[in-house]
Amino acid sequence: MNSAYLLFLLLHFSALSFALSIQDDFASDKKIVRMQIKHRHKRGSIYVKSRKLTIDTDYLASVEVGTPGQSLNFLIDSGSPEMWMTSSLCDSSCSTSDAYFDPSKSSTFLSNNTEWIMTYAGGQSVSGIFGKDVVNIGGIHVIDQTIGLLVNSDIDLTFDGIMGVGRSVDSDYGTLTPFDNMIAQQLISEPLYTARFVKVPDDDNGGEFIFGAIDYSKVLGDITYSPITENNHWQINCSGLYLGQESLTPGDNYTSFCALDTGSPGLLLYSHLADAIHSRIPGAGYYDTDETRDGSAVIYTVPCDTDNSLGPLVYEIESRKFSIPISDIVGDPIEGDEDNCLSSIGGNSDPGTAWILGSLFMERYLIIYNQGTEPPTVGIAYRTDVDYN
């Protein structure tokens, strides 16, 4: 499995619900699936070495599975190529949600009894069996979709499953994502999708996923496209990292893999870069280290009143700069300490893994995942609905 899940486990949050609808308003002949996000702020809990941390925000979609449709809330994850969900086969460890998929109540479910297991950070895992069924995404019926039914889980889930929209070639089991099945079944006009997240807690306008087209009314200026790396994931090359005007990466020819991951809420960097950033924030500190598949992850704290006096965190991609205000990395307060908050920047000890740009980055930019080019590309655009002043 790829490392894009690292922050998803370390910083998994809330629940949001989505209203989904088919929209053909970009052009009369276009087939588009538009997924409107509703923001429902809810604190979730995770445990690092038996210490409870709280933080917020994931982006979940209500999707119907089976015939008749059973509605579940999914994390839409560009870092994963598989789709799995809680099920009636699951033991009590599977989910804190009351929602689950019951295959016996679907007339179109077909089981192949193939077992699957996925291991996340810290060695925690989910496992179950595969089957196939109809998946209703905004009124579009994707048939013969491979779905994983959860049977056992080491993770206390705050959602009902993951709908992977990563690269199908990365699947350990040879499965196709719902996105690739939409393309194969000619359900959408263009082989691409976009992600737009809005940082507006307790507001119905939480953003959207669009499959099949780009909403250019949300694009400010040019779109910067970058080809994916040879590792096939939705990851591209970043050529620099800055804090304000200070470069944190050496040389003019520096590159690092950067994964644009809708399933991760925060940012992940190599530990020496995360250390450098937090050492420059007055009052920031080290919180803990958690073992992962790819080394270890360092968790930091920052003062809850951290301002933007140091300047923004800036990523350079294809010679263009994309910034995040430092105040945006302030997470929820540490339990019992209202002055210090979790940082949304984590450090990874393994320099061979990708930087992760999660939903914190996507709250400021429109991200385009384009399967129609060779090689596939990721596009990043400034948005008309974000104030960059």
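Residues numbered from 1 in each chain as written. Predicted model: local features only at pLDDT ≥ 70, side-chain atom pairs only at ≥ 80, totals over all residues. Heavy atoms only, no water.

A. Local environment of the sheet that holds strand S17 (residues 246–247). Taken in spatial order, the 4 strands of this open sheet run S17-S16-S22-S23, and their pairing is antiparallel. The open sheet has two free edges, formed respectively by S17 and strand S23 (320–324), since each of these has just one partner strand. Bridge analysis of strand S16 (residues 240–243) against S17 gives 2 bridges, and the strand direction is antiparallel. The residue of S17 that forms the bridge with leucine 243 is glutamate 246. (Pairing = 2+ DSSP bridges. Helix = DSSP H or I, 4+ residues; strand = E, 2+ residues; numbered from the N terminus.)

B. Representation of the side chain of threonine 306. Tracing the backbone through its elements, the reader meets threonine 306 in the loop between strand S21 (295–303) and strand S22 (313–317). From its side chain, threonine 306 meets the backbone oxygen of proline 303 in a polar contact 2.6 Å long. With residues near it in sequence (within four places) discarded, threonine 306 still touches Ile281, Ile326, Ser327 and Val330. (Polar contact = N/O pair within 3.5 Å; in protein donor to acceptor, adjacent residues only side chain to side chain. Contact = heavy atoms within 4.5 Å.)

C. Layout of the state of the cysteines. In total, this model carries 2 disulfides according to the counting rule given. In this model cysteine 238 forms its disulfide with cysteine 258; the gap between the sulfur atoms is 2.0 Å. Taking the torsion about the S-S bond as the criterion, the cysteine 238 to cysteine 258 disulfide, at about -135 degrees, is left-handed. Of this pair, cysteine 238 sits in strand S15 (residues 235–238) while cysteine 258 sits in strand S18 (residues 256–260); the two residues are 20 residues apart in sequence, bridging distant segments of the chain. Owing to a relative accessible area of 0%, cysteine 238 belongs among the buried residues under this scheme. A relative accessible area of 0% places cysteine 258 in the buried class. (Disulfide = S-S within 2.5 Å. Buried < 20%, exposed > 50% of the residue type's maximum accessible area, 1.4 Å probe, protein only.)

D. Broad picture of the environment of proline 227. With respect to the helices, strands and loops of the structure, proline 227 is situated in strand S14 (residues 219–227). Separated by 91 residues in sequence, proline 227 and glutamate 318 have C-alpha atoms that sit 9.9 Å apart. Leaving out residues up to four positions away in the same chain, proline 227 has contacts with Gln235, Ile236, Glu318, Pro375, Pro376 and Thr377.

E. Highlighting the nonpolar core. If you look at the biggest cluster of nonpolar residues, it comprises 72 residues, and the most contacted ones within it are Phe211, Tyr315, Trp355 and Phe361. When sequence neighbours within four positions are dropped, the list of residues in contact with phenylalanine 361 reads Leu260, Leu267, Tyr315, Phe322, Ile324, Ile367 and Ile380. Residues Leu75, Trp116, Met118 and Val126 belong to the second largest nonpolar core, which totals 14 residues. (Core = buried A, V, L, I, M, F, W, Y, C linked by side-chain atoms within 4.5 Å.)

F. Molecular detail of unusual backbone geometry. Here the residue pair threonine 67 and proline 68 is connected by a cis peptide bond, since its omega of -5 degrees sits within 30 degrees of zero. Tracing the backbone through its elements, the reader meets proline 68 in the loop between strand S5 (60–65) and strand S6 (70–77). Cis peptide bonds are those with omega within 30 degrees of zero, and the linkage from glutamate 374 to proline 375 qualifies with 0 degrees. Residues other than glycine seldom take positive phi values, yet glutamate 318 does so here, at roughly 50 degrees. Structurally, glutamate 318 can be placed in the loop between S22 and S23. Its relative accessible area of 42% is what places glutamate 318 among the partly exposed residues.

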